[in-house]
Amino acid sequence: MRYLYTVLLLSLSISIYAQKGTIDIYTVHPKSNCFPLTLTPMGGRMYFVANDSLHGYELWSIDNNAKPQRETDLVPNQRNGCDPALYYKTKTMGVLGNTLFFLGEYAAGRTYKTGLYKFTSGQAPAIADSSVTEVSAFLTHNNTLYIGCTRNGIPGLYQYNATTQQLNILIQFSLPEHIIHNSDMVIANGTIYYFLFL
């Protein structure tokens, strides 16, 4: 790995430390807290969610050579594209190959709904599944993305297959409040282990 990134969640800025030993500080929001979260590396860039006060919570990216750049404007006119629900419920994003997955808003007539988005650098974000309303964990293994989420009101462990581009349920949880935290789901020897909060 060429660069080692450390992003400091400061109130006004984002700091990058590379192996060359220099520190560069960039500002997303010049006057207030940009509330950055969900650091996720993909394709040589670091992706995160932040609020610049003009577009609400949106997807941003940064590398060691340039200032942060906003990648999405999912819901224009200062609405939060990366739903604030992402801030409180998800705090995580998933990567499958060169595609990033995250929870976000989309327009549905005169209202806005939450769905699972997929994003590939250089392309417009697209809705991967409009029935997903909450995400608590992502895990990638053997070209499959495992997601702890609620879909059509059913909480459970789901899998997203890159070939079929479909989300299928593996295990249904009995209560809506049953969730998997991202740090509590791992795979070893072909078996998925997770803590379920009952």
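This structure is a prediction, so every number in the text was calculated from the model and none was measured. (Residues numbered from 1 in each chain as written. Predicted model: local features only at pLDDT ≥ 70, side-chain atom pairs only at ≥ 80, totals over all residues. Heavy atoms only, no water.)

Draft legend 1. Here's a closer look at the overall build of the protein chain. The secondary structure content of the protein chain amounts to one helix and 17 strands. Burial analysis of the protein chain (198 residues in total) assigns 45% to the buried set. Here the contacts in the protein chain between residues at least 6 apart in sequence split such that 32% fall between residues at least 24 apart. Carbon and sulfur atoms make up 50% of the accessible area of the protein chain, which amounts to about 10,400 Å² in all. (Helix = DSSP H or I, 4+ residues; strand = E, 2+ residues; numbered from the N terminus. Buried < 20%, exposed > 50% of the residue type's maximum accessible area, 1.4 Å probe, protein only. Contact = heavy atoms within 4.5 Å. Areas by Shrake-Rupley, 256 points an atom, 1.4 Å probe, with all protein chains shown as cover.)

Draft legend 2. Up close: the packing of aromatic side chains. Counted under the stated rule, the structure contains four aromatic pairs. With a centroid separation of 5.6 Å and an interplanar angle of 5 degrees, the aromatic rings of Phe-102 and Tyr-117 are classed as stacked. Of this pair, Phe-102 sits in strand S9 (residues 99–108) while Tyr-117 sits in strand S10 (residues 111–119), and the two are 15 residues apart along the sequence. For the pair Phe-102 and Tyr-117, one class covers both residues: buried. (Phe/Tyr/Trp six-rings, centres within 6.5 Å; stacked < 30°, edge-to-face > 60°.)

Draft legend 3. Broad picture of unusual backbone geometry. At Asn-143, a residue that is not glycine, the phi angle is positive and equals roughly 60 degrees. Residue placement: Asn-143 occurs in the loop between strand S12 (132–141) and strand S13 (144–151). The phi angle at Gln-165 is positive, at roughly 55 degrees, despite the residue not being glycine. Residue placement: Gln-165 occurs in the loop between strand S14 (154–161) and strand S15 (166–172). Here Gln-165 falls in the partly exposed class, since its relative accessible area comes to 45%.

Draft legend 4. Structural view of the pairing of S10. Across nine bridges, the pairing between S9 and S10 is antiparallel. By the bridge assignment for S10, Glu-105 is matched with Thr-114. Hairpin geometry of S9 and S10 is characterised by an intervening segment of two residues between the two adjacent antiparallel strands and by a positive phi of about 70 degrees at Gly-109. With three bridges joining them, S10 and strand S11 (residues 126–129) adopt antiparallel strand pairing. Paired with Lys-118 across the bridge in S11 is Ala-126. (Pairing = 2+ DSSP bridges.)

Draft legend 5. Quick look at the environment of Trp-60. For Trp-60, the position within the fold is in strand S6 (residues 57–63). When the C-alpha positions of Trp-60 and Arg-45 are compared, they lie 10.0 Å apart, and in sequence the two are 15 residues distant. Separated by 3.4 Å, the side chain of Trp-60 and the backbone oxygen of Ala-50 make a polar contact. (Polar contact = N/O pair within 3.5 Å; in protein donor to acceptor, adjacent residues only side chain to side chain.)

Draft legend 6. Inspection of the sheet that holds S14 at higher detail. On the basis of which strands lie adjacent, the open sheet formed by four strands has the order S12-S13-S14-S15 and antiparallel pairing. The sheet is open, and its two borders are formed by S12 and S15, each paired with just one other strand. Going from strand to strand, the sheet's axes swing by 30 degrees on average, the running direction of each strand aside. Bridge analysis of S13 against S14 gives eight bridges, and the strand direction is antiparallel. Residue pairing across strands places Arg-151 opposite Ile-154, the latter belonging to S14. (Axes fitted to C-alpha atoms, helices over the stretch in contact; angles between N-to-C directions.)

Draft legend 7. Geometry of the confidence of the model for the protein chain. Here the protein chain averages 76 in pLDDT, while 71% of its residues score no lower than 70. Here strand S1 (residues 8–9) is the element of the protein chain with the lowest mean pLDDT, 37, and strand S8 (residues 94–96) is the one with the highest, 93. (pLDDT = per-residue confidence, 0-100.)

Draft legend 8. Structural detail: the pairing of strand S5 (residues 45–51). The buried count for S5 comes to seven of seven residues, which makes it a mostly enclosed element. The alternating pattern of S5 places Arg-45, Tyr-47, Val-49 and Asn-51 and Met-46, Phe-48 and Ala-50 on opposite faces, both of which are buried. The pairing of strand S4 (residues 37–42) with S5 spans four bridges and is classified as antiparallel. Bridge pairing in S5 places Pro-41 opposite Met-46. As consecutive antiparallel partners, S4 and S5 are separated by two residues, and within that stretch Gly-43 has a phi angle of approximately 60 degrees, a positive value. Where S5 and S6 come together, six bridges link them in antiparallel fashion. Residue pairing in the sheet places Met-46 in a bridge with Ile-62 of S6. Where S5 folds back on S6, the antiparallel hairpin that results is connected by five residues, among which Ser-53 adopts a positive phi of roughly 75 degrees.

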